[in-house]
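Examining the three-dimensional arrangement
Here's the letter readout for the chains.
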Amino acid sequence: MQANNIFILGVNHKTAPVEIREQLAFSADGTLPLQELLTSTGASEGCILSTCNRVEIITVSNDAERSPGALRRFLFGKTSLSDDEAAKYSYLHQGSEAITHLFRVGASLDSMIVGEPQILGQLKQAYKIASEENCTGAILNRFLHKSFSVAKRIRTETSIGSNAVSISYAAVEMAKKIFGDLQGKVVMLVGAGEMAELAAEHLINQGVGQVVVVNRTLERAVKLARQFNGKAAGLDELFTQLEDIDILISSTGAPGLVLKKDDVKPVMRQRHNRPLFLIDIAVPRDLDPELNNLDNVYLYDIDDLQQVVDVNKAERDKEAARGENIVAEEAMKFQQWLEGMEVSPTIAELRRKADAICQAELARTLGNLKDLSPKAQVSIEKMAGAIVSKMLHDPIRFLKAEDRHNPDKGERLAVTRQIFALDQDGDNGAEDE
Amino acid sequence: MTLLFNLTFFLYLFVTVSYLAFFFNQNPKIQILARYGMVIAAVSHVGYTVVRYLSVGYTPITSNHEAVSFFALAVCLSYLSFRWRYQVKNFGVFVSPIVFALMLVAYFSSTKVVELSPVLQSLWLPVHASIAILANAFLTLAFCGGVMYLLQEREIKGKHFGMFYTRLPSLESLDNLNNHCLTAGFLLLTLGIVTGSFWAEQAFGTYWQWDPKETWSLVTWLIYAAILHQRFTAGWRRRKAAILAVIGYIVVLFTFWGVNFMLGGIHSYAG
């Protein structure tokens, strides 16, 4: 069976610590030892995915006895680990398990942060390199393309990637819930810190118009403002700026409160009650917790944002479960396709399709020629049957031929199935017997 | 005729149930079902109204059954017209139960055709009554927007992220929704009162006679005028606007029904 020829050997963040993974990772400059993979494992097709969290070696090989050990030797060859240790740190999937595994990897269901979209791009890149080196054939071409489309389907049908799972993204998500569109909004950074800068960066990527940086030392403010193409101001200007901004991110090292309720209350009237989103990521806190009680002021401290993250993570897990169902469904379909990728079922399908066309056309023609003698009818039927058999003779011979001049079996099957459209759902009327 | 009404009624029931189901399980297929259901229900409802018009001979908007049914239709059509231009996530979930509730009232009201006194048989009837009810429809949408705003704001301010947080749109878009519907509702309300007084002049010889409906319409008008005025001058937006849209709507409903049942007057629905 074709499905059992698919192997995936891999290590990921769950099975191996980073010390092991970094020894196994393939260089990022794009040269992968693909030819070596094929020769050393005897595989007919191969692809290597190497990222900081995982290495996956995907092969198609007729030699099911030899493959597991050969694959491990290929991956762990550079290390001093024994085969037993290598087996402990890695996983080997074959057949339907391998199909499910790759679909899960592509859809980011197996990622450290479930739903992060990077992995699909990395998988596509890995496939591109392998196909450029002519290391993929009929099976892997279809397998990897299928894994891309499964990932896409999961992304559109579930909201696995739509919720923020880091503090700085949570700030952006809340801003969007309050302001809708962030276009043209003004964000103010009070004090500087890694997380505040990260949040500001995300906000700018989402279309925030302007950044104002306020700092105790103006020099630092100017430096940071330049980074964001914004304005710098001293801490004393905080209150005058308050009227024009929409989002404030505070992360000063000040021991006391920087902004109190009574500072902001009169400003809200001047602002015509335009909403104000205050984000306090300083510990101890910069912003008066009472501020949240003002109308149209929304105050979030670091714990509140963490809560958003937790809720979103739970939501993602729920969506991931729906993703798993899609994977199971698609893996089943792919396996069915693989089963059809054998010579005899393909020939049978080809004959069935041709016969169906032949019968349908005969019924139509004979229906129009009612005054034909039975003998004439029989000879027309015979003729139609003969045309079909003769037409199919060469394609079937091509399918069966094992000589050297022909491409390999998978290729021959793929070509034939494509030419005769055997994999399309709802074949054009050939099925209506 | 009854058959067509019942069909419409059950279509709205179906739409409401689908929208609620969608709200809980977020299955996009159910949402599509509800959307098309709403359009089909509207078509069937228009059909019913036309058939009733042909059979009674004047615009069917005078008995309680007719007025409420027309109210439901107006809410449904204004929702569809709104949806056609703006997209507000899960708006239908909040509008469809109201439409269905109105249909429920219409369902249990007498469908008897009442003779209309010749004084009232005028072109002003369809013009005045349909404008007034359309105004109510837009104020209904503003009410829904207000409720959605308050629910969403409660979760955002209180930082407990429950059902509504992910399912409702941003506060900004809910506020915009409120603004659009209040403005449209207010303009139609003004027009409704003006056409009503022209009709009164024609039928009774006076523009204004402090009939309870007239008085309460004026009260409603003043409330919404105040909301919009404050919105433009003092920035009563968002939370305050949402609360006022909800309160204003209670007065709208009282003007629509309460006045007739409690206070009587020339506007009382026959039957």
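The structure this text deals with has already been given above.
The following refers to the structure shown. Computed from a predicted structure; not experimentally measured.

Analysis parameters
Residues numbered from 1 in each chain as written. Chains lettered and ligands numbered in written order. Predicted model: local features only at pLDDT ≥ 70, side-chain atom pairs only at ≥ 80, totals over all residues. Heavy atoms only, no water. Pairing = 2+ DSSP bridges. Helix = DSSP H or I, 4+ residues; strand = E, 2+ residues; numbered from the N terminus. Axes fitted to C-alpha atoms, helices over the stretch in contact; angles between N-to-C directions. Contact = heavy atoms within 4.5 Å. Core = buried A, V, L, I, M, F, W, Y, C linked by side-chain atoms within 4.5 Å. Buried < 20%, exposed > 50% of the residue type's maximum accessible area, 1.4 Å probe, protein only. Patch = residues over 30% accessible without salt bridge, like charges linked within 9 Å, V, L, I, M, F, W, Y side chains within 5 Å. Areas by Shrake-Rupley, 256 points an atom, 1.4 Å probe, with all protein chains shown as cover. Salt bridge = Lys/Arg side-chain N within 4 Å of Asp/Glu carboxyl O. Buried area = accessible area lost by both parts, 1.4 Å probe. Polar contact = N/O pair within 3.5 Å; in protein donor to acceptor, adjacent residues only side chain to side chain.

1. So, the sheet that holds strand 4 (residues 91-94) of chain A
Residue and element names in this part refer to chain A. Reading across from one edge, 2-3-1-4 is the order of the 4 strands in this open sheet, with antiparallel pairing throughout. Two strands bound the open sheet, and with one partner strand each, they are strand 2 (45-50) and strand 4. Adjacent strand axes in the sheet meet at a mean angle of 15°, parallel and antiparallel pairs treated alike. Summarising the sheet, strand 1 (residues 6-12) and strand 3 (residues 54-60) pair through 7 bridges and their orientation is antiparallel. Within strand 3, the residue paired with Phe7 across the bridge is Thr59. Lying on the sheet, helix 5 (residues 96-106) is in contact with strand 1, strand 2, strand 3 and strand 4; it crosses strand 4 at an angle near 115°.

2. What to know about the nonpolar core
One recurring pattern in soluble globular proteins: nonpolar side chains tend to sit buried together. Counting residues in hydrophobic clusters, the biggest one holds 108 residues, and the most contacted among them are A:Ile249, A:Phe277 and B:Phe91. A:Leu38, A:Val55, A:Phe74 and A:Ala384 belong to the second-largest nonpolar core, a separate cluster that totals 76 residues.

3. A look at a nonpolar patch on the surface
Residues and elements named next belong to chain B. On the surface, Val46, Val50, Tyr53, Leu54 and Leu77 cluster together to form a nonpolar patch covering roughly 440 Å² of accessible area. The element that contributes the greatest number of residues to the nonpolar patch is helix 2 (residues 28-56), accounting for 4 residues. Examined against the element boundaries, Val50 turns out to sit in helix 2.

4. Examining the interface of chain B and chain A
Reports often express the size of an interface as the amount of accessible area lost when the parts come together. In this assembly, 22 residues from chain B lie in contact with 24 residues from chain A. Taken over both partners, the interface formed by chain B and chain A buries close to 2000 Å², and the fraction arising from carbon and sulfur atoms is 47%. Notably, a salt bridge pairs B:Lys159 with A:Asp304, separated by 3.3 Å at the nearest N-O pair. The interface formed by chain B and chain A holds 17 residue pairs in polar contact (both at pLDDT 80 or more) in total. Looking at the side of chain B that touches chain A, the elements that each hand over two or more residues are helix 5 (124-158), helix 6 (163-167), helix 7 (171-204), helix 8 (212-233) and helix 9 (238-263) of chain B.

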